[in-house]
Amino acid sequence: MKRWLWVVAVALAALLLIVVVAAGCKSTGATSTGQGQTGAAATPAASTAAVYTCPMHPDVVSDKPGRCPKCGMDLVLKK
């Protein structure tokens, strides 16, 4: 009977770990979709204006050079 309780406890611990990891991934994805972006729009319009972006966070877009609000790296000119 003790072995059965041990198996149930390990299964519940594994399930809890999966839920915590999934919740952490979900909250990280939510911040990358809209928050922390600089500039006029999330996706730049096709024009001749210069567009700057973070090398590590391509969702961060700006119309002028500066620093990434997420990691602090310099924004680079997007080609």
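Residues numbered from 1 in each chain as written. Predicted model: local features only at pLDDT ≥ 70, side-chain atom pairs only at ≥ 80, totals over all residues. Heavy atoms only, no water.

**So, the sheet that holds strand E1 (residues 52–53)**
Next, step 1: Spatially, the three strands line up as an open sheet ordered E2-E1-E3, and their pairing is antiparallel. Looking along the sheet, the strands with just one partner apiece sit at the ends: strand E2 (61–62) and strand E3 (76–77). (Pairing = 2+ DSSP bridges. Helix = DSSP H or I, 4+ residues; strand = E, 2+ residues; numbered from the N terminus.)

**What about the state of the cysteines?**
Next, step 1: Here the structure, examined in full by the defined rule, presents zero disulfides.
Next, step 2: The thiol of Cys54 is unpaired, and the distance to the nearest cysteine sulfur, on Cys68, comes to 3.6 Å.
Next, step 3: The closest cysteine sulfur to the non-disulfide-bonded Cys71 is located on Cys54, 3.7 Å from its own sulfur.
Next, step 4: Note on Cys71: relative accessible area 36%, which makes it partly exposed. (Disulfide = S-S within 2.5 Å. Buried < 20%, exposed > 50% of the residue type's maximum accessible area, 1.4 Å probe, protein only.)

**Quick look at the nonpolar core**
Next, step 1: With five residues, the main nonpolar core is built from Tyr52, Cys54, Val60, Cys68 and Leu75.
Next, step 2: Each residue touching Cys68, except ones within four places of it in the same chain, is listed here: Cys54, His57, Val60, Met73 and Leu75. (Core = buried A, V, L, I, M, F, W, Y, C linked by side-chain atoms within 4.5 Å. Contact = heavy atoms within 4.5 Å.)

**Quick notes on the pattern of salt bridges**
Next, step 1: Applying the stated criterion across every chain yields a total of two salt bridges.
Next, step 2: Ionic pairing is found between Asp59 and Lys70, a salt bridge with its closest N-O pair at 2.7 Å. Taken as a pair, Asp59 in the loop between E1 and E2 and Lys70 in the loop between E2 and E3 lie far apart in primary sequence, 11 residues in all.
Next, step 3: Judged by relative accessible area, which is 33%, Lys70 ranks as partly exposed.
Next, step 4: Note that Asp74 is salt-bridged to Arg67, the shortest N-O span being 3.3 Å.
Next, step 5: Residue classification places Arg67 among the exposed positions, given a relative accessible area of 57%. (Salt bridge = Lys/Arg side-chain N within 4 Å of Asp/Glu carboxyl O.)

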